[in-house]
Amino acid sequence: MPKRTIRRVFLATAVFAVAIIALPVGAKETVKIAFIGSLTGGNSANGIGGRNSTDLAVKLRNSNPKARYQYELVVLDDECKPDTGVQVATKAAADKSIVAGVTHYCSVVAIATVDTFHKFGLPTIVWGAVLPDITYGHNYPEIHRVNGTMINQNDTAANFMFGQGYRKWAVIHDTTDYGKGHNKYFSEDVKKHGGQISATFGVTADQQDFTAELTQIKPLRPQALYFGGLTPIGVRIRSQMDKLGIDAAFQGTSGILSDDFIKGLGPLAEGALAFREGAPLEKLPGGKFFAEKYAEQKYTGSPEAYGPFAFAAAELLMDTIEKVGPDRRKIIAELAKVKDRDSIVGKITFDDHGQNTVAAITKYVVQDGKWVVWEDSEYASGKRKLRGK
Amino acid sequence: MPAAISRGRVSASAVAAVFAAGAALFLAVESQRGMLALLLAAGALVVAIRRLKGLRPFLQAASEHEETGALAGVAFTLLLCVLFRDDHFTVFLIGRVLLATLACLGLHLQFGSAGVANFAGAAFFGVGGYTAAILSAHSPIPHIVAVALGGAVSSLIGSLLLLPLLRTRGHYAALITIAFGLLFRTFAEVNDSLGGPQGLKLQGFQLFGWQFNEELAIGPFHGSFYINYVIAAVALLAIAFALVRGLDRSWLGLALDAVRLDETAAAAFGLEIARWKIVAFTLGNFLIGTAGALSAFMVGFIAPNNFTFAESLTFVSIVLLGGIGNAWGVALAAFIVVVLPEKLQILQEYRFLLFAALVIVVLRYRPQGLVPRPLRRYFRGLA
Amino acid sequence: MSIGLLAQYVINGMMLGMMYALVAVGFTLFFGVLDVIKFSHGDLVTGGAFAGLAIYSFLEHIDGGGTWWITLVVAIAAASSMAVLGAVIGRFLVLPLRSAPSLNTLLITLMAGTVVRESIRLFYPGGSQPHRFPGLLGARAFQIGSLTLRLDNIVLLATGGLLIVGMHLIITRTRLGLAIRAVAQDEETARTSGINFERMVLLTFALGSVLAGIAGVMNGLYYNEINFGMGLLLGVIGFSSAIIGGLGNMYGAILGGFLFAALQTIGAVALPFASAYKDVFAFAAVIVFMAWRPTGLIGERVSERV
């Protein structure tokens, strides 16, 4: 054989040997938990905020000498798409070394993955998705949620808007279960108060052009436009509203409560309304602590609206693992017993469907390029007026 | 003569074994550094094999004994399942590779054999999946029939495109399939009867009481429930492979080749171009739809975002990388395209970019693909 | 339906038609000169939009004399950067594959488009999210009855029209245009007449890509938003429009662009409660059309060598 070939074969063998040596040896003390959120795409701000918050919780726990285990966070991106979500959920749940998951901001994805987690028996706590069916649509013991559902959100929103004098709406919602859910609950609430919804339109979650819908809404002269959907199309609808000269208040849900909404609209965002379960960060029991520790880590981006919930979920999971060990079945059994557990977002109690009840709903309004709690805003004090009245 | 034949069979089995071993290594390695080392080793191995002239007669003999190679391949795939029986995700990956190969075999039939450009591969995959989802949820039709119907509905819908496809050629035909792909995805997303953007869920596949979603237990052997799907996929793939290779080597394949290479000349020879294009397109869609149906059962979920243009382009990349016209190349390319991004996490985010770039390089410098189309051999044993 | 509503739809349709026409003319230019479909064209629209945004972000810190010259700089930046990119794609990917089956060229340009799109998504900061495009043309609007006519819409329409007229003049009145047409008709004769074939091809590519870049900026100014995927759909629509009008024919391309926009608008009006169906309707119409008239309305200028 020519020398060149011999050298090559030798090289190949050597590389093979290196490959074998590079195979990892498992360490027993490390416990893996998964984080799944929308890290890319239009809702990435919220996903990254959740990831940073979960990462913070893990880091704090790992720096605690009294912890029984070393925790490793496996981060997965669901891209806010249900099919990608099911794929990464399968990946996490099928991996025996992952014992629990902090899952999902996007309701679209969360509702799709509940079956996957149940199939593999992975205990999960949802940190940001608000669709009620995620916990109430089934009887799976694996699924829990620390944040509230959209039912209370829309109740409070309707009460508030009526209090402000709004009686006539037009509704645009996205056609995912998330948007449809919002539409359903809000419409019911409006009817209960005796208000009027002049038109309802369903749009796709990535629609670009809303001229058709808005052109039909304009002559109806609604006082407010209720938007059931997420930030990307919220930005488009609001800016196209302006192009067509529609003078109505823009009322959204927790889906638009992100910095990207304001970044995308600039001055047009002024006066937009949104609602969210849970008290504002400063008023949370662990709010200051969380804000300080978060700032220390110098993450790019804020924790956004649901970061504290992700933190609380991670903490709860790690507490449970400390108590019963890294065993999925034991974790599920233990999570079922969670009652009045302290956390940075207040006391957590899981009902028979794994849902935590979050009583407080906070109202937000955009003022000078920032989401401000309603009560602290100049709109509440009367110095500024909302549109459409 | 006898010595040559047995040498051929052994060579074929050996080639299959080498690939299986390689696949096992790629699937087993978890760490990033290990993966990179493995890739380097694979590259070095390929270079070494091309230089070692002594191996040529063995490879030649191996390619003449495809059936042995195929049988060996099936055996080794099942062996891989046994090896990884406790690792759900790895078996899941094997299943995905097999079903991607099946779908791309259909595409290969359309592209490589009849030269019909199909840029809506993912859409036909989706049609099969949705058919299976709706039939299994709303009717008592047995699942195996639902899978076959998935293929049939795919062919049916594909035949709707046949009229415009036959009247056009080249880039016009490409546009039709691209437009259809976009149309299907938008329709699936907007229309609630297909579940809308939320998609549809599927229960586990059932075959005469054999529940595919339950753990496989044969005596002392326990394995991930995904193994059930792999077995079904292997069975389907074996049938499809035999079909496609048989077609390739028969006079039908000859006709398709002629149509692809020069339509005018083929017509001059009396070949009905339209008929063979129809056959290739319809059969190809049947394979794609069947793969889509079984895949939907395996994943348990189907949504419009599974079938974007980017996914169709991924299928096309597999066919191009593997070499238009070589069925084995499709399998190899499918493995690379499906497994590598899962294993090399850096690749995951960049995978569309990398595959597009790879295809550009291939088209520019090696249009025949990784495993080029062998010259048609009319008589076995000669040349 | 009131006149105002109808007028609003018409204005919107014309805006869309203008943008589609710009993209379609690019496709037709490439096809005319080299018999190739350069599928990366749509993604060059995205490239132009992002290039414009990048320049704007850079200039934002420098206080300009007024927004009009910033707009000009943005447009020029987008146009020139895309011209270069278009020529590069032509030089390294399309020209070398001249003798290969046309499917290969289609594929390689499709992949090139994907590379551009993914590069933007991955390497532009925050590329996977939609970005706000500054409203450089101001927000003045006129109210005529129930119709809101915006100044920026008028400017965009006028600019698009001027560009197309300008392109037409270049093709028909200048020596460059003459060379392009010569090359499109017959490569060999053009060569023997002393025209540098390769250079002409690259120039044509650059010219077509200029249109793409500006279409991108226009898109950004119209929607006030750009995202990395915007070019894909535009590319397919532009291609469809070019085909409807007949490949190789500039007037056909323009006609095709407006026709497609009309199809979409009709779809939106006819199905008011699900405007998303308008795309389904439009694409289905294209497929049916292709079955009826495979070579387009005005017919492809085909010179097949037997």
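(A) Fine view of the interface of chain C and chain B. With 45 residues of chain C at the contact, the number on the chain B side is 39 residues. Counting each side, the surface lost to burial between chain C and chain B is near 3,700 Å², with a carbon and sulfur contribution of 81%. Linking chain C to chain B there are 1 residue pair in polar contact (both at pLDDT 80 or more). Ranked by residues supplied to the side of chain C that touches chain B, first place goes to helix H4 (residues 102-123) of chain C with 16 residues. Broken down by class, the residue content of the side of chain C that touches chain B amounts to 34 nonpolar, 6 polar and 5 charged.

(B) Up close: the side chain of B:Thr308. Looking at where B:Thr308 falls in the secondary structure, it is placed in the loop between strand S6 (301-302) and helix H14 (309-322). Among all residues touching B:Thr308, those that are not within four sequence positions of it are B:Ala122 and B:Arg185.

(C) Representation of the confidence of the model for chain A in the model. For chain A, mean pLDDT is 86; residues scoring 70 or higher make up 93% of the total. Taken as a whole, residues 22-28 of chain A scores under 50 in pLDDT and shows 5 contacts with residues more than four places along the chain or in a different chain.

(D) Examining helix H4 (residues 107-120) of chain A more closely. All names here are of chain A. Between its first and last C-alpha, H4 extends 20 Å over 14 residues, near the 20 Å set by a 1.5 Å rise per residue. Of all the bends in H4, the greatest measures close to 35 degrees and is centred on threonine 113. With 11 of 14 residues buried, H4 is to be regarded as a mostly interior element. Every buried residue of H4 is accounted for by Ser107, Val108, Val109, Ala110, Ile111, Ala112, Thr113, Val114, Thr116, Phe117 and Phe120. Once H4 ends, the next one or two residues include glycine 121, with phi positive near 70 degrees.

(E) Examining the interface of chain A and chain B more closely. Counting residues at the interface gives 36 residues for chain A and 37 residues for chain B. Contact between chain A and chain B buries roughly 3,100 Å² in total, counting both sides, with carbon and sulfur atoms accounting for 62%. Where chain A touches chain B, the interface holds 1 salt bridge. With a closest N to O distance of 2.5 Å, A:Asp115 and B:Lys201 form a salt bridge. At the surface where chain A touches chain B, the tally comes to 4 residue pairs in polar contact (both at pLDDT 80 or more).

(F) Layout of the pairing of strand S11 (residues 361-367) of chain A. Residue and element names in this part refer to chain A. For S11, the buried fraction is high: 7 of the 7 residues fall into the buried class. Residues Ile361, Lys363, Val365 and Gln367 point to one face of S11 and Thr362, Tyr364 and Val366 to the other, with burial holding for every one of them. Looking at chain direction, strand S10 (residues 273-277) and S11 are connected through 5 bridges and run antiparallel. Paired with alanine 274 across the strands is tyrosine 364, a residue of S11. Of the strand pairs in this sheet, S11 and strand S12 (residues 370-373) are connected by 4 bridges, and their pairing is antiparallel. Along S12, the bridge assignment pairs valine 366 with tryptophan 371. Counting the residues between successive antiparallel strands, the hairpin from S11 to S12 contains 2 residues, one of them, aspartate 368, with a positive phi of roughly 50 degrees.

(G) Examining the sheet that holds strand S2 (residues 70-77) of chain A more closely. All names here are of chain A. Taken in spatial order, the 5 strands make up an open sheet running S2-S1-S3-S4-S5, and their pairing is parallel. Sheet topology places S2 and strand S5 (143-145) at the edges, where each strand pairs with a single neighbour. Averaged over neighbouring strand pairs, the angle between their axes works out to 25 degrees when direction is ignored. Pairing geometry for strand S1 (residues 30-37) and S2, over 8 bridges, is parallel. Residue threonine 30 lies in a different strand from S2, and its bridge partner there is glutamine 70. Across the sheet, helix H2 (residues 44-62) touches S1, S2 and strand S3 (98-103), and the angle it forms with S2 is around 170 degrees.

(H) Spotlight on the packing of helix H3 (residues 67-94) of chain C against H4(C). All names here are of chain C. Running from amino to carboxyl end, H3 crosses H4 at an angle of 140 degrees, the nearest separation of the two axes being 11 Å. When the interaxial angle is binned, H3 and H4 end up oblique. Between H3 and H4 lies a crossing of right-handed hand. Of the residues in H4, those in contact with Leu85, Ile89, Leu93 and Val94 of H3 are Thr105, Ile108, Thr109, Ala112 and Val116. Each residue belonging to the contact of H3 with H4 can be placed in one class, and the counts come to 7 nonpolar, 2 polar and no charged.

(I) Looking closely at the state of the cysteines. Counted under the stated rule, the structure contains 1 disulfide over all chains. Here A:Cys80 is linked by a disulfide to A:Cys106, with a sulfur-sulfur distance of 2.0 Å. Around the S-S axis, the bridge from A:Cys80 to A:Cys106 shows a dihedral of about -110 degrees and counts as left-handed. You can see A:Cys80 sitting in the loop between S2 and helix H3 (82-94) and its partner A:Cys106 sitting in the loop between S3 and H4, a full 26 residues away along the chain. Of the two residues, A:Cys80 and A:Cys106, neither departs from the other in class, the shared state being buried. Unpaired in terms of disulfides, B:Cys81 finds its nearest cysteine sulfur in B:Cys104, a separation of 20 Å. On the basis of relative accessible area, B:Cys81 is assigned to the buried category, the value being 2%. Judged by relative accessible area, B:Cys104 falls into the buried class, the value being 0%.

(J) Representation of unusual backbone geometry in the model. Its identity is not glycine, yet A:Cys80 carries a phi of approximately 60 degrees, on the positive side. Residue classification places A:Cys80 among the buried positions, given a relative accessible area of 17%.

Conventions we followed
Residue positions are counted from 1 within each chain, in the order its sequence is given. Labels are handed out in written order, letters beginning with A for the chains and numbers beginning with 1 for the ligands. Where totals are concerned, whole chains, interfaces and linings use all residues; where local detail is concerned, this predicted model gives features only for residues with pLDDT of at least 70, and gives and counts side-chain atom pairs only at 80 or more. Hydrogens and waters are ignored; side-chain quantities use all the structure's heavy atoms. The contact definition used throughout considers only heavy atoms, calling two residues in contact when any of these lie within 4.5 Å. Throughout, buried area stands for the accessible area (probe radius 1.4 Å) lost by two parts on being put together, summed over both. By the criterion applied in these results, polar contacts are pairs of N or O atoms within 3.5 Å in which, for protein atoms, one can donate a hydrogen and the other can accept it, and in which residues neighboring in sequence qualify only through two side-chain atoms. Only DSSP runs of H or I reaching four residues or more are called helices, and only runs of E reaching two or more are called strands; each is numbered from the N terminus. Polarity classes work like this: nonpolar for Ala, Val, Leu, Ile, Met, Phe, Trp, Tyr, Cys and Pro, charged for Asp, Glu, Lys and Arg, and polar for all others, with Gly in that last group. The quantity known as pLDDT measures the predictor's confidence residue by residue, on a range of 0 to 100. By this rule the span expected of a helix is its residue count minus one, scaled by 1.5 Å. Bend, in this description, refers to the angle at a residue between axes fitted to the seven residues ending there and the seven starting there. Each residue is placed in one exposure class: buried if its accessible area under a 1.4 Å probe, protein chains only, is under 20% of its type's maximum, exposed if it is over 50%, and partly exposed if it falls in between. The working definition used for a salt bridge is a side-chain nitrogen of Lys or Arg within 4 Å of a carboxyl oxygen of Asp or Glu. At least two DSSP bridges between two strands are needed for those strands to be called paired. In this description, a line fitted to the C-alpha atoms serves as the axis of each element, helices being fitted only across the stretch in contact, and the angle between N-to-C directions of two axes falls anywhere from 0 to 180 degrees. Any angle between 65 and 115 degrees counts as roughly perpendicular, while under 35 counts as roughly parallel, over 145 as roughly antiparallel, and the rest as oblique. Take the far helix as your reference; a near helix turned counterclockwise from it by less than a right angle gives a left-handed crossing, and one turned clockwise gives a right-handed crossing. Sulfur atoms of two cysteines make up a disulfide when they are within 2.5 Å.

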